[in-house]
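# Reading the structure
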Amino acid sequence: MKSRRQWTRWALALWVLLAVIGPWAAPISFRAQDRGHAIAPPSAEHFMGTDEFGRDVYSRLLLATGLTSLLAVAMTLPALCLALLVGMGSAFSPTLAGLGRGAGEIARSLPWIFVLVAVRAALPLDASAMVIALVLVALFSVAAWPVAAWAFQGAARGLMEQDFVQASVALGATRFHVMRRHLWPNMRGLAGTYFALLLAAAIGAEVSLELVGLGLPQPWPTWGNMLDPLRDVTIATRCWWLFAPLLVLVPVLLGLTLAAHGSHDQSGQGGEGGGFAAEKARA
Amino acid sequence: MSRLGSFWPRVATAGLTLAATLLLCFALAQFTPGDAFTALELDPTVPAAALAHWRALYLPQENWGLRFAHWVGDAAHGQLGYSIEYHRSVASLLRQRIPASFELIILGLGLAWGAGLLLALIPAWLGESGRRRFERRLGWVLHALAAVLTALPLGVLAIGALLLAPLAWLPTDAQPSPWLPASVLALAFLPTVYFQAAQALAQVRSRPFLLQGRAAGFGPARLLLRHALPNTSDVLVPVASLTLTQALVELVILEPLLGWPGIGQLSIQAAQSKDLPVLSALVLLSGLLAISANILSDAVQTRLHPQLRARAA
């Protein structure tokens, strides 16, 4: 168990390092096209080969790691903050608890992917990467907060019934004090679980949306749009080097899944399969 | 009593969700910039007068309040507008595409639930037969495989499936086979179903009534299928409802990638051609399906779970 946790920590630390310094370490510009060497296998000049426009896969992968990670964190943080606010606030206010549950049910039932498709259709064809990223962040946040909020609500309500919290309230502790000194330290593990889960979901969503043309536009590289040429079976069977994004994508998603399980077990919130507490929360 | 007490809030939430979906559809169809004729503005062969005439003919001109009232009235009668891109009514277009998507969902989720429950039951059966060591080992292997499968996004699974699938399963225009997209859908949901079923079974197996069953000499099959599995329905039925609504989301990714002619592929085609009546109808349809799945899940849960059934009686 300990070695698995350590392995996960190292893998995630490597990913963060790659995401931060990768974009600055790219040897060739992500836009530079070498049309004479389009879809070329790895060589001394292009360490991981080139794509269909002759762009260096290695340089694009380094930048894509940074961009995809940044976008995924931007998609996850607002959802997590909203969920924490609603979850912890519900422990003090039954009205907020009811409102949070109702709004969560509505947000959960609305078909956000179809809304995303429709919003994407409404945007001009030459919409900037920033505008599309903001749309993705907004829709993911609205769609993803309820499951985490329900789990935080349950945990906060359970903590409020504990003797040490009751004693603190009886001694006149303010709501902010109870949240900061009692609720948050005991909910950090659960928040970590949901951060890892939502981050994995955001990366998965970004990759899949890119493959159907709903993600960031070219020439900005992301893991999803780097995999896009593989939709053509002929290219996929012959150009094995274009699978390079999977070398980073799969370990990162696996690491996040294991980290979610690990922090969940550590926080004592549940047993095996704890990473899938999202669905359990709804149950 | 608690089930009855939670009935009206559920109905109120369903009503609010429906209202929010309707408003969202209307706002998308009416207030987003551009329409089905925007692309024609770039065509020098189409005169501006013709564009103005078509807009007056096909796009409503009244104020938004009246438009909303008419739109809701029409939607209630099954009239969801006209698709200029496909030259036919949206309702008839959906009637053509919905059966294909339902076929895919039923096949894919059927496979995922069948395989997921079976994989969760096998280690439990080994444990009930006294082979605890095999139960632990198999459980570890299955957990690892499910974790790896979770780490593969749906789009990557679809590309992998295109590479590895038998030739007869590959998408063709003539008679596409549902097995390829259904298998990918099943693989996408298998880890969730397996994790939830394994966890719910582990919890139920530690409860006193199962200990009583073991003491009474019930065999592993009877213990698991007759007593343990029905008591997991309070967890698994809501998860089934979730997988159903989630499957609608996955269709938007899966169908265009694997060439399956359902509502997912239609939504992407409609987005490319700015066919907003089709997109609004799809938002409304998927919202209605999600609400129905939630209500159905509540009803089925009460029927399946022995303790809830006894309480209701």
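Notes on the structure in this doc start here. (Residues numbered from 1 in each chain as written. Chains lettered and ligands numbered in written order. Predicted model: local features only at pLDDT ≥ 70, side-chain atom pairs only at ≥ 80, totals over all residues.)

## Things to note about the overall build of chain A
Of the regular secondary structure elements, chain A holds eleven helices and zero strands. Along chain A, from the amino end to the carboxyl end, the secondary structure elements read α-α-α-α-α-α-α-α-α-α-α. Referenced to the eigenvectors of the C-alpha coordinate spread, the extents of chain A come out at roughly 75 × 50 × 30 Å. When burial is assessed residue by residue, chain A has 49% of its 283 residues classed as buried. Considering only contacts within chain A whose residues lie at least 6 apart along the sequence, 69% involve residues at least 24 apart. (Helix = DSSP H or I, 4+ residues; strand = E, 2+ residues; numbered from the N terminus. Buried ≥ 20, exposed ≤ 12 C-beta atoms within 10 Å, placed from the backbone. Contact = placed C-beta atoms within 7 Å.)

## Overview of the interface of chain B and chain A
A common way to report how large an interface is uses the accessible area buried once the components associate. Tallying the contact residues gives 52 residues for chain B and 39 residues for chain A. Counting residues per element, the ones that place at least two in the side of chain B that touches chain A are α2 (7-31), α6 (132-150), α7 (154-164), α8 (179-205), α11 (233-258), α12 (263-272) and α13 (276-304) of chain B. With eleven residues, α11 of chain B is the single largest residue contributor to the side of chain B that touches chain A.

## Quick look at the nonpolar core
In terms of nonpolar packing, the biggest core is built from 159 residues, with Ala118, Ala148, Phe152 and Leu198 of chain A together with Leu279 of chain B touching the most fellow members. Here this core takes 19 residues from helix α7 (residues 175-211) of chain A, the largest share from any one element. When residues are assigned to domains, this core turns out to be shared by domain 1 (7-90) and domain 2 (94-312) of chain B, each giving three or more. Residues contacting leucine 198 of chain A, with those up to four places away along its chain left out, are Thr76, Ala79, Leu80, Ala144 and Ala148 of chain A. (Core = buried A, V, L, I, M, F, W, Y, C linked by C-beta atoms within 7 Å. Domains from an automatic or database assignment.)

## Here we look at helix α4 (residues 112-122) of chain A
Summarising burial for α4 of chain A: eleven of the eleven residues are buried, a large majority. Within the span of α4 of chain A, buried status applies to Trp112, Ile113, Phe114, Val115, Leu116, Val117, Ala118, Val119, Arg120, Ala121 and Ala122 of chain A.

## Brief notes about the packing of helix α2 (residues 57-90) of chain A against helix α5 (residues 129-160) of chain A
Interhelical geometry of α2 of chain A versus α5 of chain A gives an angle of 35 degrees and a closest axis separation of 6 Å. Crossing handedness for the pair α2 of chain A and α5 of chain A: right-handed. (Axes fitted to C-alpha atoms, helices over the stretch in contact; angles between N-to-C directions. Left-handed = near helix turned anticlockwise from the far one by under 90°.)

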